[in-house]
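Fold and geometry: a report
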Amino acid sequence: DSTWSIEQPSDDIRSILVILTEVAEAYNVDTDRIFVSGLSDGRTFSYALGLHCPNLFAGIAPIATALPPR
């Protein structure tokens, strides 16, 4: 009954990092060329993920988004 949160993305970031680790262990992944992208709500979360893990991604490619005002 819950979804990811742009305000507190830590649980979702942990889940994505586990998935990335499992994929990298199962496949030949060039970890210097991982990009994050998203569309719809995923576009905003791609910002959050990229900003929270800047050393993990070669780039961030959100599609048509804006960050919430602070």
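All of the points below concern the structure found in this document. Within any chain, residue numbers begin from 1 and follow the written order of that chain's sequence. A pLDDT threshold of at least 70 governs which residues receive local features in this predicted model, and a stricter bar of 80 or more applies before side-chain atom pairs are shown or counted, although totals over entire chains, interfaces and linings include all residues. To obtain the side-chain values, all non-hydrogen atoms of the structure were included, while hydrogens and water were left out.

Quick look at the overall build of the protein
Inclusion rule: Put simply, DSSP H or I for four residues or longer makes a helix, DSSP E for two residues or longer makes a strand, and each gets a number counted from the N terminus. The classification of residues rests on relative accessible area computed with a 1.4 Å probe and restricted to protein chains. Under 20% of the type maximum is buried, over 50% is exposed, and intermediate values are partly exposed. By the convention used here, residues are in contact when the closest approach between their heavy atoms is within 4.5 Å. Surface accessibility in these figures is a Shrake-Rupley result with a 1.4 Å probe; residues are shielded only by whichever protein chains are displayed.
Check the secondary structure of the protein and you find two helices and two strands. In sequence order, the protein lays out its α and β elements as α-β-α-β. Taken over 70 residues, the protein has a buried fraction of 20%. Restricting the contact set of the protein to residue pairs at least 6 apart, pairs at least 24 apart contribute 55%. For the protein, the accessible area works out to roughly 5,300 Å², and carbon and sulfur atoms hold 53% of it.

A short note on the pairing of strand S2 (residues 59-62)
For clarity, the cut-off: Any two strands with at least two DSSP-identified bridges between them are counted as paired. With its strands directed away from the observer, a crossover is right-handed exactly when the path from the first strand over the helix to the second travels clockwise.
Note that strand S1 (residues 35-38) and S2 share four bridges and pair parallel. Across the sheet, Ser37 pairs through a bridge with Ala61, a residue of S2. On the question of chirality, the crossover connecting S1 to the parallel S2 by way of helix H2 (residues 41-52) is right-handed.

Quick word on a nonpolar patch on the surface
Operational definition: Like charges within 9 Å and nonpolar side chains (Val, Leu, Ile, Met, Phe, Trp, Tyr) within 5 Å are joined into patches, using only residues over 30% in relative accessible area that form no salt bridge. By definition here, a salt bridge exists when the distance from a side-chain nitrogen of Lys or Arg to a carboxyl oxygen of Asp or Glu is within 4 Å.
On the surface, a cluster of nonpolar side chains totalling about 320 Å² of accessible area is made up of Ile19, Val23 and Tyr27. Topologically, Ile19 is positioned in helix H1 (residues 10-26).

Concerning the nonpolar core
Note the threshold: Here, the term nonpolar core denotes a set of buried Ala, Val, Leu, Ile, Met, Phe, Trp, Tyr and Cys residues that are joined through side-chain atoms within 4.5 Å.
Listed in full, the eight residues of the largest apolar core are Ile13, Ile34, Val36, Phe45, Ala48, Leu49, Cys53 and Phe57. For this core, the leading source of residues is H2, giving three residues. Apart from residues no more than four positions distant in its own chain, Phe57 is found in contact with Leu20, Ile34, Phe35, Val36, Leu49 and Gly50.

Considerations on the side chain of Ser46
As for its position among the elements, Ser46 is in helix H2. Those residues within four positions of Ser46 in sequence are excluded, and the remaining contacts are Val36, Ser37, Gly38, Ile60 and Pro62.

Remarks on the packing of H1 against H2
Quick reminder of the rule: Inter-axis angles, ranging from 0 to 180 degrees, are taken between N-to-C directions of lines fitted to C-alpha atoms, where helices are fitted over the stretch in contact. Roughly parallel means an angle under 35 degrees; roughly antiparallel means over 145; roughly perpendicular covers 65 to 115; every other angle is labelled oblique. Throughout this entry, Asp, Glu, Lys and Arg are counted as charged residues, while Ala, Val, Leu, Ile, Met, Phe, Trp, Tyr, Cys and Pro are counted as nonpolar. The remaining residues, Gly among them, count as polar.
For the pair H1 and H2, interaxial distance at closest approach is 11 Å and the crossing angle is 75°. As far as their axial angle goes, H2 and H1 are roughly perpendicular. Contacts between H1 and H2 involve Asp12, Ile13 and Ile16 from the first element and Phe45, Ala48, Leu49 and His52 from the second. Partitioned by chemical class, the residues of the contact of H1 with H2 number five nonpolar, one polar and one charged.

Considering the environment of Ile60
Inspection of the secondary structure puts Ile60 in strand S2. Residue class for Ile60 comes out partly exposed when judged on its relative accessible area of 36%. Residues Ile60 and Val36 lie 24 residues apart in sequence; the distance between their C-alpha atoms is 5.0 Å. Residues in contact with Ile60, not counting those within four places in the same chain, are Val36, Ser46, Tyr47, Gly50 and Leu51.

In short, shape yes, function no, at least from these values alone.
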